[in-house]
Amino acid sequence: MPPAAPSEFLERVNRELSRSAVRAQYGLKHLSGLPMGKVGVTPKTAVWQRDRVTLYRYADAGIRHGTPILLVMSLVTRPYVFDLRPGGSLVEDLLARGFDVFLLDWGVPDVSDSQNSLETYCDEYIPHAAAAVRRIAGADQLTLFGYCLGAVLCLIAAAGNPQMSVRNLVGLATPIDFERFGPIANLLREGRMDPDQMLDETGNVPPSVMLNAIRMLQPSTPIASRAGLWRGLENAEALSARQAIIGWSTDHIPLPGKLFQQIVDLFIRGGALITGRVPLGSRMVELSMLECRVLSVVGERDQLVPPECTEPLADALGSVQLDSLSLRAGHAGLFVGSQARKTLRSGHRRLACDDFVRGSND
Amino acid sequence: MDSCVATVPRKLVKPVPDNKTSLVTAGLGAVDTVLGSSRDSVVRSEEFAVAVALASRVRTGVAARAQHLSRKLWHTLNLPAATDVNRLLTQIGAVERQVRELSNALSDAQTREG
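The following paragraphs examine the structure supplied in this document. (Residues numbered from 1 in each chain as written. Chains lettered and ligands numbered in written order. Predicted model: local features only at pLDDT ≥ 70, side-chain atom pairs only at ≥ 80, totals over all residues. Heavy atoms only, no water.)

Here the focus is the overall build of chain B. In terms of helices and strands, chain B carries five helices and zero strands. Secondary structure elements of chain B, listed N to C terminal, follow the sequence α-α-α-α-α. Sorting the 114 residues of chain B into buried and exposed places 18% on the buried side. (Helix = DSSP H or I, 4+ residues; strand = E, 2+ residues; numbered from the N terminus. Buried < 20%, exposed > 50% of the residue type's maximum accessible area, 1.4 Å probe, protein only.)

Here it is as structure tokens:
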């Protein structure tokens, strides 16, 4: 690139200074508590509850597709990311396309949830919630839509409980090969670190530990976030969007200790998901026994669950019909934000409109 | 979000037009490119793994030792220590869980019958 002329450089510096002045004004407002807008604002109603788990149904006006969608969040982050902000909400998109949308909110685990296991989630909560969804929506089948660890739970639950009548299963950033999960997973796999060391007095993995493990995978994220904040300070809308997603990405919840130990034993050390054979209770669940179609969506820029992490899914599923979609997005960017929306338009269409998630009675 | 826009004077909302990459962005991009690969190799290196494992063990060991000492101190004064409270918390959690399971079993049975 040829060097810029001095006048052009000065003009650029001048422009940068004037932008910085605007940013500084917003920055002061930000520091003094500028309201950043609410998250998860699409109206919803609690329709079922079990222990700390709540099933919500979003406003059901204009349902055009017969098969309801059940959104299943990962167990370490909060589910409002599915409905982050008006104009940047997966729920909003799905409702606009005429789907009946349900959300499974795990709540915030405490000491009484520390013994929640894979069986609690895959044999109890998800199947019961699926039954509630079918009953409330008056549908014979449903679509499971899992994100990250939520997608893993959906796979195991659906494979182990054929009575759930799952028509389609969508997995976003589904971790299968836990060997590629970074330094902490390696330490746990090699036995250099004991899962017990990561539990707090409630018997759960505290959010701070999860956050630190994630930061080891993305060490430059805090710097990039601050730089992004600085760039976004010149525009209230951009600032609000950025704050919402950064707020969510650091808003972790505790992971039940027993489940964490199972994740370490079965998935990290045992590679159960790679082989497609997951012990659940007293039986062996084979992912290849899934009776539904599966759509796996990965983000090319996802540093937490990179595409290689999901690659073994095809082998694990065997003859199950698997569609794969690779998007130019990061972990949360798979469905959040205006830029992601543009990037994912083709993906969303395929996910939600064209042929995948449609019900039999459309 | 809407309230955010509403509380900000209009003159602040208007961004300064610029079609070129900002100097800050360009600078950060360059730094990230230079440091990115070495950063990744450090995080994935054996030495880093050893350091993290060691730090974790030291932290756990120090915490256990501190807990032991403070427990002795509080018990000398005939007062409960944090570990006693935590043990009670765990027991309450276990009882709460049992009640919950019984309640769920009852509810499931009623659903099956109904």
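So, about the packing of aromatic side chains. All names here are of chain A. In this structure the tally under the stated criterion is six aromatic pairs over all chains. Centre to centre, the rings of Y147 and W248 are 6.4 Å apart; their planes meet at 35°, and the pair counts as tilted. Of the two residues, Y147 is situated in strand β5 (residues 142–147) and W248 in helix α8 (residues 236–249); the sequence distance between them amounts to 101 residues. The pair formed by Y147 and W248 is uniform in burial state, with each residue classed as buried. Here a set of aromatic residues connected by ring pairs shows up, and it is made of F82, Y147 and W248. Here K44 stacks its cationic end above the ring of Y56, 5.0 Å away from the centre of that ring. (Phe/Tyr/Trp six-rings, centres within 6.5 Å; stacked < 30°, edge-to-face > 60°. Lys NZ or Arg CZ within 6 Å of the ring centre and 35° of its normal.)

There is about 510 Å³ of room inside the second largest pocket. As for the second largest pocket, its lining consists of 23 residues, and the residues nearest its centre are D196, L199, D200 and E201 of chain A together with Q67 of chain B. When contributions to the lining of the second largest pocket are tallied by element, the ones reaching two or more residues are α9 (257–269) of chain A together with α4 (46–76) and α5 (82–113) of chain B. Of the residues forming the lining of the second largest pocket, the biggest block, five residues, is contributed by α4 of chain B. Of the residues contributing to the lining of the second largest pocket, the split by class is six nonpolar, 11 polar and six charged. (1 Å grid on protein atoms, 1.4 Å probe; cavity = no way out; pocket = protein on both sides within 12 Å on 5 of 7 lines; lining within 4 Å. Points joined across faces, edges and corners; volume = space filled by probe spheres on them. Nonpolar A, V, L, I, M, F, W, Y, C, P; charged D, E, K, R; others polar.)

All names here are of chain A. Contact geometry of helix α3 (residues 118–137) with α9 gives a least axis separation of 8 Å together with a crossing angle of 100°. With respect to their mutual orientation, α3 and α9 come out roughly perpendicular. Within the contact between the two elements, α3 uses L118, E119 and Y121 and α9 uses L259, Q262, L266 and F267. Classifying every residue of the contact of α3 with α9 by side-chain character gives five nonpolar, one polar and one charged. (Axes fitted to C-alpha atoms, helices over the stretch in contact; angles between N-to-C directions. Parallel < 35°, antiparallel > 145°, perpendicular 65-115°, else oblique. Contact = heavy atoms within 4.5 Å.)

Further remarks concern the sheet that holds strand β1 (residues 44–50) of chain A. Residues and elements named next belong to chain A. One open sheet accounts for eight strands, arranged β1-β2-β4-β3-β5-β6-β11-β12; its pairing is mixed. The strands lining the two open edges of the sheet, one partner per strand, are β1 and β12 (322–327). This sheet shows a mean twist of 20° between the axes of neighbouring strands, independent of strand direction. Strands β3 (69–72), β5 and β6 (166–172) of the sheet are contacted by helix α4 (residues 149–160), whose axis makes an angle of about 140° with β5. (Pairing = 2+ DSSP bridges.)

Counting residues in each nonpolar core, the largest one holds 104 residues, and the members touching the most others are W106 and F267 of chain A. In this view, W106 of chain A contacts R52, V53, V72, M73, S74, L75, Y121, Y125, I126 and L153 of chain A; residues no more than four positions away in its chain are not counted. (Core = buried A, V, L, I, M, F, W, Y, C linked by side-chain atoms within 4.5 Å.)

Here we come to α4 of chain B. Residues and elements named next belong to chain B. Compared with an ideal rise of 1.5 Å per residue, which puts 31 residues at 45 Å, α4 spans 45 Å between its outermost C-alpha atoms and is within 8% of the ideal. Among the residues making up α4, those that are buried are A49, V52, A53 and S56. Phi turns positive one or two residues past the end of α4, at N78, with a value near 60°. (Expected span 1.5 Å × (residues − 1).)

Residue and element names in this part refer to chain A. Its location among the elements puts R57 in strand β2 (residues 53–58). Using a relative accessible area of 15% as the deciding quantity, one classes R57 as buried. Among the polar contacts made by the side chain of R57, one reaches the side chain of D100 at a distance of 2.6 Å. Those residues in contact with R57, other than ones at most four positions away along the chain, are P43, K44, T45, V47, I63, D100, V101, F102, I136 and A137. (Polar contact = N/O pair within 3.5 Å; in protein donor to acceptor, adjacent residues only side chain to side chain.)

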